[in-house]
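Next come the chains, spelled out residue by residue.
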Amino acid sequence: EGADSLNEQSLEELEALKAKLQEMEAEAAQLGAQEKEMQTGDAKAAGTSGPGSVAGSEGVDQAAKEEADSRSIFVGNVDYSATPEDLQAHFQSCGTVNRITIATDKFGNSKAYAYIEFLEVDAVANALLLDNTELKGRPLKVAAKRTNVPGLKARGRGGRGGGRGYHPYGGYGGGGYGDGYGYPP
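What you see is a predicted model; the values in this text were computed from it and never measured.

So, how was this worked out
For every chain, the first residue of its written sequence is number 1, and the numbers climb from 1 along that sequence. Where local features are concerned, this predicted model is filtered to residues with pLDDT of at least 70; where side-chain atom pairs are given and counted, the filter is 80 or more; whole-chain, interface and lining totals use all residues. Values reported for side chains reflect all heavy atoms of the structure, with hydrogen atoms and water molecules removed beforehand. Helix and strand definitions here come from DSSP, where helices need a minimum of 4 consecutive H or I residues and strands a minimum of 2 consecutive E residues; each element is numbered from the N-terminal end. Should any heavy atoms of two residues lie within 4.5 Å, those residues are counted as being in contact. Computed with a 1.4 Å probe, the accessible areas rest on the Shrake-Rupley method; for each residue, only the protein chains presented here act as cover. Between Lys or Arg on one side and Asp or Glu on the other, a salt bridge is scored when a side-chain nitrogen of the former is within 4 Å of a carboxyl oxygen of the latter. Three exposure classes are used, based on accessible area relative to the maximum for each residue type with a 1.4 Å probe and protein chains only: buried under 20%, partly exposed in between, and exposed over 50%. Only strands that DSSP links by at least two bridges are regarded as paired with each other. All axes are obtained by fitting lines to C-alpha atoms, using only the stretch in contact for helices, and the reported angles, taken between N-to-C directions, cover 0 to 180 degrees. Take the buried Ala, Val, Leu, Ile, Met, Phe, Trp, Tyr and Cys residues and link them wherever side-chain atoms come within 4.5 Å; each set so joined is a nonpolar core. Confidence of the predictor at the level of single residues is captured by pLDDT, which takes values from 0 to 100. The rule is short: rings of Phe, Tyr and Trp, with Trp giving its six-membered ring, pair when the centres are within 6.5 Å, and they are stacked under 30 degrees, edge-to-face over 60, tilted in between. Any Lys NZ or Arg CZ that is within 6 Å of a ring centre and within 35 degrees of that ring's normal is treated as a charge sitting over the ring.

## Brief notes about the overall build of the chain
For step 1, the next point in the chain: From N to C terminus, the chain includes 4 helices and 8 strands.
For step 2, the next point in the chain: Reading the chain from its N terminus to its C terminus gives the helix and strand order α-α-β-α-β-β-α-β-β-β-β-β.
For step 3, the next point in the chain: In the chain, the share of contacts with a sequence separation of at least 24, taken over all contacts with a separation of at least 6, comes to 54%.
For step 4, the next point in the chain: Of the roughly 13,800 Å² that the chain leaves accessible, carbon and sulfur atoms contribute 53%.

Put into structure tokens, the structure is as follows:
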């Protein structure tokens, strides 16, 4: 008799789980439909149409990054033993700190610079006033965070040759052939 009641209880639990699963699937389908509706609405608002238009979301992502960067600063020459709490204490007079990121190498060691994101854009101007102030005996270098432009890679000095050493046809410095100096190509 104990086995029968246990079996019945298991069947009831199984039925309850099946019902819950159906509810979740229905909710997921409803959310999927709403999401699809929102995406097509965004695509129409952006002037594009069709399910393959992803350009709108990249623009929104880029705009959000630029907005966050406008509220952020770069802090250089940070002491290797400095913690996010130390930086927060140092910059709390500027405004409300939203996020602190101390750059680290693959082993978790500090790279001696950090980024601090504030809640307000005004805080950046206040933080720039703390340039050359000391934290743990080191003068901090504070600058507004710049926004990286995708696809624009910083290049070395000069063109061909990289500006290192002496080149037989280009002489010292800037490059190689066709740079206007030395021998023609």
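## Observations concerning the pattern of salt bridges
For step 1, the next point in the chain: The full count for this structure, using the stated rule, is 6 salt bridges.
For step 2, the next point in the chain: Two residues, Glu67 and Arg71, come together in a salt bridge whose shortest N-O distance is 2.9 Å.
For step 3, the next point in the chain: You can call Glu67 partly exposed: its relative accessible area is 39%.
For step 4, the next point in the chain: Classification of Arg71 by relative accessible area gives buried; the value is 10%.

## Considering the sheet that holds strand S3 (residues 110-118)
For step 1, the next point in the chain: Read across the open sheet, the 4 strands follow the order S2-S3-S1-S6; overall the sheet is antiparallel. At either end of the open sheet lies a strand with only one pairing partner, and these are strand S2 (97-104) and strand S6 (141-144). Each strand axis lies, on average, 20° off the axis of its neighbour in the sheet, ignoring direction.
For step 2, the next point in the chain: Examined bridge by bridge, strand S1 (residues 72-76) and S6 share 4 bridges and lie antiparallel to one another.

## Regarding the nonpolar core
Soluble globular proteins tend to pack their nonpolar side chains together in the buried interior.
For step 1, the next point in the chain: The biggest cluster of nonpolar side chains holds 20 residues, and the ones touching the most others in it are Ile73, Leu87, Phe91, Ile116 and Phe118.
For step 2, the next point in the chain: Elements with a contribution of two residues or more to this core: S1, helix H3 (84-91), S2, S3 and helix H4 (122-128).

## Overview of the confidence of the model for the chain
For step 1, the next point in the chain: For the chain, mean pLDDT is 77; residues scoring 70 or higher make up 65% of the total.
For step 2, the next point in the chain: Confidence drops under pLDDT 50 across residues 43-54; counting only partners more than four residues distant or on other chains, this segment forms 3 contacts.

## As for the packing of aromatic side chains
For step 1, the next point in the chain: The full count for this structure, using the stated rule, is 3 aromatic pairs.
For step 2, the next point in the chain: Relative to Tyr113, the ring of Phe74 lies with its centre 5.7 Å away and its plane at 35°, an arrangement referred to as tilted. Placement of the pair is Phe74 in strand S1 and Tyr113 in strand S3, with a sequence separation of 39 residues.
For step 3, the next point in the chain: The class of Phe74 is partly exposed, set by a relative accessible area of 26%.
For step 4, the next point in the chain: Ring centres of Tyr113 and Tyr115 lie 5.9 Å apart, and the angle between their planes is 85°; on these two criteria the pair is classed as edge-to-face.
For step 5, the next point in the chain: The class for Tyr113 is partly exposed, based on a relative accessible area of 25%.
For step 6, the next point in the chain: Among the aromatic side chains, those forming a connected cluster through ring pairs are Phe74, Tyr113 and Tyr115.
For step 7, the next point in the chain: Sitting over the face of the ring of Tyr115, Lys145 holds its NZ or CZ atom 5.1 Å from the ring centroid.

## Some details on the pairing of S3
For step 1, the next point in the chain: Relative to S3, S1 is paired through 5 bridges, and the arrangement is antiparallel. Across the sheet, the residue bridging to Phe74 is Tyr115, located in S3.
For step 2, the next point in the chain: Relative to S3, S2 runs antiparallel, the two being bridged by 6 bridges. Note on S3: the bridge partner recorded for Arg99 is Glu117.
For step 3, the next point in the chain: Here S2 folds back onto S3 in antiparallel fashion, the turn holding 5 residues, of which Gly108 has a positive phi close to 90°.

## A few points about unusual backbone geometry
Among all residues except glycine, the phi angle is most often negative; among peptide bonds, the trans geometry is most common.
For step 1, the next point in the chain: Residues other than glycine seldom take positive phi values, yet Asn132 does so here, at roughly 70°.
For step 2, the next point in the chain: Relative to the helices and strands, Asn132 is located in the loop between H4 and strand S4 (134-135).
For step 3, the next point in the chain: With relative accessibility at 55%, the residue Asn132 sits in the exposed group.

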